[in-house]
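What follows is the residue order along each chain.
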Amino acid sequence: MSEEIRQDRPENANAMAEMGEWLELSPPSLRRGDIVRGTIVRITPTEILVDIGMKAEGVITGRELERMPKEIREVLREGDVIQVQVVNPEDRSGNILLSLQRALMEEDWQRARQLMEAGEILELTVSGFNKGGLVVKVGRLRGFIPASQVLPQEPGEEKLPVEQRLKRRVGQKIWARIIEVNPEANRLILSEREAQKELQKRQKEELLARLEPGMRVKGRVISLTDFGAFVDLGGVDGLIHISELSWRRVRHPRDVLSVGQEIEVEVIGVDRERKRVALSRKRVEPDPWQEALSHLREGQLVEVVITRLMNFGAFAALKEFPEVEGLIHISELAEHRVNHPKEVVREGEELVVRLIRIDTENRRLALSLRRVASPEYAMLDWEMAQARLRAREQTGPEEAS
């Protein structure tokens, strides 16, 4: 008995090997909906035969050909390798029915899902509309943008009837982002709002990467606070601190700016990690300090307007250069002891004072009211009076005044 078993084993082994070879050579079974690759072996006006590696060739029927776009049908040639979808693994006549259209559509659905997962922004053309939203084509797929996901194109447009607003978009380009892909329900939903958010985010990142201190850019004032003004630079908000609004002292940003105003500013700092930009408005304007220095001389008399009273003295703006302020220290207000500047001067009062010191490095002027008639400056006053007289003679009294 054992000898018979030993003799039978080689025969059983050979049989199993032959069975394995047969299974490897047999074509795989097909199921409805499978996507397979095949080679076109024959094209006739009524059908296309495709070799997909089965015992029988697959058939793309005449009905499929009639629905196939002309631009696809005309480029097909015998020998082309194409992807098709199995419509029926075996019909009543034993044929394998195939569809090129459905395979292409399946590719488009897969591509749409990839685009959604990647968060891609698509530029599409609006091909139609209904009361619910806009219709667009994404490859061979029909996409839909609900009205709630469509942005108004101009201020006040949202007050128009929905259908009128949607109708205006037909034929226009639109940026949209895919937010739902459902091939089973034939739903491909997109959003212009979501695309706009992503575009603004990218624009902000690009602008932040490009901004450098010293650059001059234009922007629009979007809000005013006690400490400064926020400016939209085209996707990135920057702050102009109140000290950078003007060369002259500003009590509140609304004194020099208004919301919606278009202005030019200079970038003075960029924090890319915190996404903050510091701006200056005064640095795009001529520096009155530099201009004033070319006309001022220590010891001369100047006309001023008192701007602020402090315990230690009074600030005064030069009438010729209103953006430039100097300080009349409390000890320089009068010959006698003064407890508070209000005992001698008041805000808004116009005076002639003596410029006693110019601090170029710290951009400060020291003024004196008590030294206006001081004998120590008599010679300087005479020299400057003579200079004004000569200038008047050269230019004429009207121009000199």
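Everything here concerns the structure above.
Residues numbered from 1 in each chain as written. Predicted model: local features only at pLDDT ≥ 70, side-chain atom pairs only at ≥ 80, totals over all residues. Heavy atoms only, no water.

A. How the structure looks around helix α6 (residues 192-210). Its 19 residues give α6 an end-to-end C-alpha distance of 26 Å, which sits within 8% of 27 Å, the value for a rise of 1.5 Å per residue. Turning to α6, its buried residues are E192, A195, E198, L207 and L208. If you follow the buried residues of α6, they end up packed against β6 (121-130), β8 (141-146), β9 (173-182), β10 (187-191), β14 (262-271) and β15 (276-280). Its side-chain oxygen 3.2 Å from the backbone nitrogen of R193, S191 forms the N-cap of α6. (Helix = DSSP H or I, 4+ residues; strand = E, 2+ residues; numbered from the N terminus. Expected span 1.5 Å × (residues − 1). Buried < 20%, exposed > 50% of the residue type's maximum accessible area, 1.4 Å probe, protein only. Contact = heavy atoms within 4.5 Å. Polar contact = N/O pair within 3.5 Å; in protein donor to acceptor, adjacent residues only side chain to side chain.)

B. Quick peek at the sheet that holds strand β18 (residues 325-329). A barrel is described by the order of its strands in space; here 5 strands give the closed sequence β16-β17-β18-β20-β19, paired in mixed fashion. The mean inter-strand angle of the sheet, taken between neighbouring strand axes irrespective of direction, is 50°. By the bridge criterion, 5 bridges tie strand β19 (residues 350-359) to strand β20 (residues 364-368) in an arrangement that is antiparallel. Bridge pairing in β20 links R357 to A366. (Pairing = 2+ DSSP bridges. Axes fitted to C-alpha atoms, helices over the stretch in contact; angles between N-to-C directions.)

C. Representation of the pattern of salt bridges. Counted under the stated rule, the structure contains 21 salt bridges. Across the pair R202 and E198 runs a salt bridge whose closest N-O atoms are separated by 3.1 Å. Placement of the pair is R202 and E198 together in helix α6, with a separation of 4 residues, close to one helical turn. Assessed through its relative accessible area of 30%, R202 is described here as partly exposed. Residue classification places E198 among the buried residues on the basis of a relative accessible area of 17%. The residue R370 makes a salt bridge to E332 at a minimum N-O spacing of 3.4 Å. Of this pair, R370 sits in the loop between β20 and α8 (378-395) while E332 sits in the loop between β18 and β19, and the two are 38 residues apart along the sequence. Taking the relative accessible area as the measure of exposure, E332 reaches 7% and is therefore buried. In this structure, a network of salt bridges that share partners links the residues E332, E335, R370 and R371. (Salt bridge = Lys/Arg side-chain N within 4 Å of Asp/Glu carboxyl O.)

D. Looking closely at the packing of aromatic side chains. The final tally for this structure, using the stated rule, is 2 aromatic pairs. Relative to F315, the ring of F312 lies with its centre 6.1 Å away and its plane at 90°, an arrangement referred to as edge-to-face. F312 gets classed as partly exposed once you look at its relative accessible area, which sits at 39%. Classification of F315 by relative accessible area gives buried; the value is 18%. (Phe/Tyr/Trp six-rings, centres within 6.5 Å; stacked < 30°, edge-to-face > 60°.)

E. Local environment of the sheet that holds strand β11 (residues 216-225). One closed barrel accounts for 5 strands, arranged β11-β12-β13-β15-β14; its pairing is mixed. The sheet shows a mean angle of 50° between the axes of neighbouring strands, direction not considered. Across 5 bridges, β11 lies against β14 in antiparallel orientation. Bridge assignment links G219 to a residue of β14, and that residue is I263.

F. Spotlight on the environment of F144. Looking at the element boundaries, F144 is found in strand β8. The buried category is assigned to F144, whose relative accessible area is 18%. Note: C-alpha distance between F144 and R92 (52 residues apart in sequence) is 39 Å. Sequence-distant contacts of F144, that is, excluding residues within four places in its chain, are made with N130, G132, G133, L134, V135, L188, I189 and L190.

G. Structural view of unusual backbone geometry. Phi angles above zero are rare outside glycine, and N186 is one such case at about 55°. Residue classification places N186 among the exposed residues on the basis of a relative accessible area of 54%. The backbone phi angle of R363 is positive, close to 55°, even though this residue is not glycine.

H. Just the side chain of R308, in detail. By the element assignment, R308 lies in strand β16 (residues 301-310). Reaching out from R308, the side chain makes a polar contact with the side chain of E325 at a distance of 3.0 Å. Excluding its chain neighbours within four sequence positions, the residues that come into contact with R308 are R249, R251, G313, A314, F315, E325 and E347.

I. Representation of the nonpolar core. Grouped together as the largest cluster of nonpolar side chains are 23 residues, with contacts concentrated most on L296, V304, L318, L365 and L367. For this core, the secondary-structure elements that each account for two or more residues are α7 (288-293), β16, β17 (313-318), β19 and β20. Here this core gets 4 residues from one element, more than from any other, and that element is β19. Setting aside residues up to four positions removed in sequence, L318 forms contacts with L296, V302, E303, V304, V324 and L365. Core analysis: the second largest hydrophobic core is formed by 20 residues, L115, L124, V126 and L166 among them. (Core = buried A, V, L, I, M, F, W, Y, C linked by side-chain atoms within 4.5 Å.)

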